[in-house]
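Chain by chain, the residues:
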Amino acid sequence: MSIARELSAFLTQVSYADIPPQALEHAAMLISSTVASAACGSGIESSKIMRALAIERGGKPDASIWFDSGDKLPVASAAQANAVMSDAAASDDSDLRNIVHTGTTLVSTSLAIAERTGASGQDVLAAIVLGYETSGRIGEAITPAFQTRGFHGCLVAIFGGTVAAARLLRLDDAHTAQAIALSATSIGGLRAAADTSEAREYHAGLAAMLGVQAALAAEMGYIAEESIFETQRGFFAVYGDTDGASVTRGLGDSWDIITDMAIKLVPGGHPSHSLAEAAANAARAGQISPDDVETITLSRPGVTALTGPIHPTDLIDMAHSPAYFLAAGAADHEFSWSHATEAKITDPVIHQLIDKVQVGTQPTQQVEEYKQGATVTIQTKDGRTFSSTVFAPKGAGALGIDWADVDAKYRSLIPGAGLSDQQIEGSLEVIHNFCKVKHVSELIDLLRL
C-alpha cells in the first residue's frame, strides 16, 4: 500500500467522536487565531492585490472573502485570498517542529469548502485536526532538509489544506490518496524570497488554492502517481533524503495539533517569540533600563550567529529579525502587538540596543527541552547579570493554551478589518461554540462587511 493510500485510509475512517476534545478545542482556537491574523493583514498591499485579482476573475459564487461586502467567489479563489490576508500579518500560527504556518492554509481552505458544502462546525473541526496531523507528519519527515535546501514551508502546508478539503468533500480513501499525491507534485516555494518579501504570503495563498484544486480534481477522478512519496526521485527523496516510513507510524496515537501547534500571541516569526519573552523577563527581573544595558546575549541550540535583517525597517524585516525581538523585549520589558507598528519598528531606543545583541555559546543542559526556546542574558554597564530561559513560547500547545489569551488576540486584531463591536463579540462567541454550529455561514456572515 502506498504512503498516500495508507494515510488516506486512516483519515477517512476517523470520526469526530474519535478525536480528543483538546485537539478539537485547539482547532477552534486556530480558527480564532487565523481570522484575527487575517483581519490584521486585510489592509496590507499584498492582500489588497490578491483580493482584487480574485474579484476580477469572478466565477461561481461558492465562498466568501472575509471582511468584504462583495459577491462570493469560487472556493479556490476565496481560500487563496483569505490565506494571503492571514499570512501577510505574520500573526498566525506555527508547527514548532518545522515553523510551518499550517493553520492559515487549513482554516482558509476549510471555511471556504464548508461554505460550498454546507458543512457543520463539527465537520470543520475534524477536518482541521486531521489536516494538521497530516501536514505535521509530512513536515517532520523532511525537516530540516527541505529548509536547508531553500524550500519554504508552503511545501508542507498544502497537505493540511488538501486533507481538510478532501474530508469536507467526503472523498473516499482512494480519491483522498489521489488528492494527497497531486499536492505532493503541485507546489514549491523558495525560502529566500519568503524571508525578504511579500512572497511569504503569496506562498500561503498558493498552498490554499492548490490544495483545494487537488481535492476538487481528485473528486472528479483525476489520477496522479499515488506512490509519488516513496518512489525513486519522489517527494521524500527529493526534499528530505528519507523513505517517509515515519509518516504513517502510530497514526492516532498522538495528535500534532495538541503537542506541536503554537498560536502566535505576539507578531512576527515564531522562532523569535521566546527571544523577546526571555529578554523581557531578564530586563524586568533586574529593573534594567535601556541606558543600563552593556550586552544582550542569546544562547540557543544550533545558533552560532544572528540571522535575518539586523536593523529592520518594515514588517517583513521585523518578522525575520531575531535581533529586533531581543532588543525590543529588553527595552520595553514586554513584547506585544504594538511591536509590529511602524513606531516600534523604527524606535531609536530599540535600534540602539540592537547593536548590543550578540550570540553566546549554545546550551549544554536540557537541550531537548528547547522547543524554539532560548536563554537570554543581559549584562549591565555596572557589571550586573540577569538571565532568563524560555523553553517554548507562550501559546505553544505543549504548555497549554488559554482561551483568554486567544480572545485577547482576537479583540486586539479584529477591529482593524472594520467589523462592528457586535460582529466581533458575536463571531467570537460562535467560534467558542463551533462544535454546535449547524452551518458554517453562522460564522462567515459575521465576518462580512
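Notes on the structure follow. Since we're looking at a predicted model, the values are computed, not measured.

**Overview of the packing of helix α9 (residues 173-184) against helix α11 (residues 199-219)**
With their axes 8 Å apart at the nearest point, α9 and α11 run at an angle of 140° to one another. One finds that α9 runs oblique with respect to α11. Between α9 and α11 the crossing geometry is right-handed. Along the contact surface, α9 presents His175, Gln178, Ala179, Leu182 and Ser183, while α11 presents Ala214, Ala215, Ala217, Ala218 and Glu219. Taken together, the residues of the contact of α9 with α11 sort by class into six nonpolar, three polar and one charged.

**Concerning empty space enclosed by the protein**
In the structure shown here, the tally under the stated rule is one cavity of 30 Å³ or more. Approximately 70 Å³ is the volume found for the largest cavity. Contributing to the lining of the largest cavity are Asp87, Val100, His101, Thr105, His152, Gly153, Cys154, Ala157, Arg200 and Ala204. Sorting the residues of the lining of the largest cavity by element identifies α8 (154-168) and α11 as the ones contributing at least two each. Looking at side-chain class alone, the lining of the largest cavity contains four nonpolar, four polar and two charged residues.

**Considerations on the packing of aromatic side chains**
In total, this model carries 12 aromatic pairs according to the counting rule given. Summarising the aromatic geometry, the rings of Phe325 and Phe335 are spaced 4.6 Å apart at their centres and angled 20° between planes, so their arrangement reads as stacked. Placement of the pair is Phe325 in helix α16 (residues 322-332) and Phe335 in the loop between α16 and α17 (342-345), with a sequence separation of 10 residues. Assessed through its relative accessible area of 12%, Phe335 is described here as buried.

**A word on the pairing of strand β6 (residues 385-390)**
Judged from the six bridges that link them, strand β5 (residues 374-380) and β6 form a sheet pairing that is antiparallel. Bridge assignment links Gln379 to a residue of β6, and that residue is Thr385. Between the end of β5 and the start of β6, which pair antiparallel, lie four residues, with Gly383 showing a positive phi angle near 95°.

**Quick notes on unusual backbone geometry**
Residues Thr143 and Pro144 are joined by a peptide bond in cis, for which omega reads 5°. With respect to the helices, strands and loops of the structure, Pro144 is situated in the loop between α6 (121-142) and α7 (145-148). For Ile99, which is not glycine, the phi dihedral falls at a positive 50°. Of note, Ile99 is situated in the loop between β1 (93-95) and α5 (102-117). A residue is classified by how much of its surface remains accessible, and Ile99, at 22% relative accessible area, is partly exposed. The phi angle at Arg170 is positive, at roughly 60°, despite the residue not being glycine. Its place among the elements puts Arg170 in the loop between α8 and α9.

**Remarks on the pattern of salt bridges**
For the structure shown, the criterion picks out 18 salt bridges. Residue Glu115 pairs with Lys72 through a salt bridge whose shortest N-O separation is 3.2 Å. Within this pair, whereas Glu115 is found in helix α5, its partner Lys72 is found in the loop between α3 (45-57) and α4 (75-88), the two being separated by 43 residues in sequence. For Arg384, the salt bridge is made with Asp382, and the minimal N-O distance between the two is 3.2 Å. A relative accessible area of 57% means that Asp382 is categorised as exposed.

**What to know about the sheet that holds strand β4 (residues 357-359)**
Pairing is mixed in the open sheet, where four strands are placed in the order β4-β3-β5-β6. The open sheet is flanked by β4 and β6, the only strands paired with a single partner. Pairwise comparison of adjacent strand axes, ignoring direction, gives a mean angle of 20° for this sheet. On the sheet, α16 packs against β3 (293-299), β4 and β5 and is oriented at approximately 130° with respect to β3.

**Side note on the nonpolar core**
Nonpolar side chains in soluble globular proteins generally cluster together in the buried interior. The biggest cluster of nonpolar side chains holds 112 residues, and the ones touching the most others in it are Ile31, Trp66, Phe67, Phe229, Phe235, Ile257 and Phe434. Ignoring any residue separated from it by four or fewer positions in sequence, one finds Phe434 in contact with Ile31, Leu111, Gly121, Gln122, Val124, Leu125, Val440 and Leu443. Among the nonpolar cores identified, the runner-up in size contains 31 residues, and Ala279, Val293, Ile296 and Ala323 belong to it.

**Digging into α9**
With 12 residues, α9 extends 16 Å from end C-alpha to end C-alpha; this agrees with the ideal 16 Å at 1.5 Å per step. Buried residues dominate α9, accounting for nine of its 12 residues. Restricting attention to buried positions, one finds in α9 the residues Thr176, Ala177, Gln178, Ala179, Ile180, Ala181, Leu182, Ser183 and Ala184. Next to the buried residues of α9 lie α1 (3-13), α8, α11 and α12 (235-240). Among the residues of α9, the N-terminal cap falls to Asp172, whose side-chain oxygen and the backbone nitrogen of Ala174 are separated by 3.2 Å.

Here is what the cut-offs are and how they apply
- Residues numbered from 1 in each chain as written.
- Predicted model: local features only at pLDDT ≥ 70, side-chain atom pairs only at ≥ 80, totals over all residues.
- Heavy atoms only, no water.
- Axes fitted to C-alpha atoms, helices over the stretch in contact; angles between N-to-C directions.
- Helix = DSSP H or I, 4+ residues; strand = E, 2+ residues; numbered from the N terminus.
- Parallel < 35°, antiparallel > 145°, perpendicular 65-115°, else oblique.
- Left-handed = near helix turned anticlockwise from the far one by under 90°.
- Contact = heavy atoms within 4.5 Å.
- Nonpolar A, V, L, I, M, F, W, Y, C, P; charged D, E, K, R; others polar.
- 1 Å grid on protein atoms, 1.4 Å probe; cavity = no way out; pocket = protein on both sides within 12 Å on 5 of 7 lines; lining within 4 Å.
- Points joined across faces, edges and corners; volume = space filled by probe spheres on them.
- Phe/Tyr/Trp six-rings, centres within 6.5 Å; stacked < 30°, edge-to-face > 60°.
- Buried < 20%, exposed > 50% of the residue type's maximum accessible area, 1.4 Å probe, protein only.
- Pairing = 2+ DSSP bridges.
- Salt bridge = Lys/Arg side-chain N within 4 Å of Asp/Glu carboxyl O.
- Core = buried A, V, L, I, M, F, W, Y, C linked by side-chain atoms within 4.5 Å.
- Expected span 1.5 Å × (residues − 1).
- Polar contact = N/O pair within 3.5 Å; in protein donor to acceptor, adjacent residues only side chain to side chain.

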